[in-house]
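Fold and geometry: a report
Here is how the chains run, residue by residue.
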Amino acid sequence: MPSVRPSASIEIEAPLELVWAIMLDTEAYAEWNPFVERVESATPPAVGNPIVLHVRWANGRTTRSPERISGLEGPVTDGHVTTATLSYAYEGLPSRLGLVRGVRHQRLTQRAGEPTSYDTVEEFSGPLVKLAGPDRVAEGFARHAAGLKSRAESLR
């Protein structure tokens, strides 16, 4: 079964805890996020909660993407490294039919005294995975990462 992994990474000159708070404040996404402009979700976020992402592609077109939070690990420090992870799984019709599956992971890592690293990847699989537009997803992830960086650095 084909699989594809669109991704994006960026270094953010802000504390991990601030970046994490911005990621979880979905009501403010319209203020900074050019890719996921709006999120319908329960607050506070919790594993198992459904969420609907309102996505704007680079060409200006929009779509709704039904997802479910599958992982939520708030900031944890082990030695001199702090990490946090938010994951959610795609639940649209193509997923329910077994044609395209996707799980997005957003990971933060910060070593003491260093910038926060933001990494995101979508683990796509299924017979129609190419129709999911992995290149446009990667472009959207890059815009999302740049917006997150700008927001966090302006608030630090």
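Shown above is the structure to which this text applies.
The structure reproduced in this document is the subject of the present report. Model, not experiment: these values are computed from the prediction.

Conventions we followed
- Residues numbered from 1 in each chain as written.
- Predicted model: local features only at pLDDT ≥ 70, side-chain atom pairs only at ≥ 80, totals over all residues.
- Heavy atoms only, no water.
- Phe/Tyr/Trp six-rings, centres within 6.5 Å; stacked < 30°, edge-to-face > 60°.
- Helix = DSSP H or I, 4+ residues; strand = E, 2+ residues; numbered from the N terminus.
- Buried < 20%, exposed > 50% of the residue type's maximum accessible area, 1.4 Å probe, protein only.
- Lys NZ or Arg CZ within 6 Å of the ring centre and 35° of its normal.
- Patch = residues over 30% accessible without salt bridge, like charges linked within 9 Å, V, L, I, M, F, W, Y side chains within 5 Å.
- Areas by Shrake-Rupley, 256 points an atom, 1.4 Å probe, with all protein chains shown as cover.
- Salt bridge = Lys/Arg side-chain N within 4 Å of Asp/Glu carboxyl O.
- Lys, Arg positive; Asp, Glu negative; His and termini not counted.
- Charge placed at Lys NZ, Arg CZ, Asp CG, Glu CD.
- Arc of directions from axis to C-beta.
- Axes fitted to C-alpha atoms, helices over the stretch in contact; angles between N-to-C directions.
- Parallel < 35°, antiparallel > 145°, perpendicular 65-115°, else oblique.
- Left-handed = near helix turned anticlockwise from the far one by under 90°.
- Contact = heavy atoms within 4.5 Å.
- Nonpolar A, V, L, I, M, F, W, Y, C, P; charged D, E, K, R; others polar.

This paragraph deals with the packing of aromatic side chains. One pass over the structure, following the stated rule, counts three aromatic pairs. The interplanar angle of 80° and the centroid separation of 6.0 Å between the aromatic rings of F35 and F141 together place this pair among those described as edge-to-face. Taken as a pair, F35 in the loop between α2 (29-32) and β3 (36-41) and F141 in helix α4 (residues 134-155) lie far apart in primary sequence, 106 residues in all. The same class applies to F35 and to F141, which are both buried. Ring-pair connections join several aromatic residues into one group, and the members of that group are F35, W57 and F141. Here the basic side chain of R136 rests over the ring of W57, its NZ or CZ set 3.9 Å away from the ring centre.

We now examine a negative patch on the surface. Taken together, E11, E13, E114 and D119 make up a surface patch of like negative charges. When you line up the elements, D119 lands in strand β8 (residues 116-125). Judged by its relative accessible area of 31%, D119 falls in the partly exposed class.

All of the buried residues along helix α1 (residues 16-24) are L16, V19, W20, I22 and M23. All buried residues of α1 fall inside an arc of 160° around its axis, so they share one side.

With the rule as written, the count across this model stands at seven salt bridges. One salt bridge in this structure joins R68 and E91, with 2.9 Å as the shortest N-O distance. Here R68 is found in strand β5 (residues 62-78), whereas its partner E91 is found in the loop between β6 (81-90) and α3 (93-96), with 23 residues between them in sequence. Under the relative-accessibility criterion, R68 is labelled partly exposed at 32%. On the basis of relative accessibility, which here comes to 28%, the residue E91 falls in the partly exposed class.

This part covers the packing of α1 against α4. Between α1 and α4, the shortest axis-to-axis distance is 10 Å and the interhelical angle comes to 125°. Considered as vectors, α1 and α4 are oriented oblique to each other. As α1 runs across α4, the sense of the crossing is right-handed. Seen from α1, the contacting residues are L18, V19, I22 and M23; seen from α4, they are L148, R151, A152 and L155. Considered class by class, the residues forming the contact of α1 with α4 number seven nonpolar, no polar and one charged.

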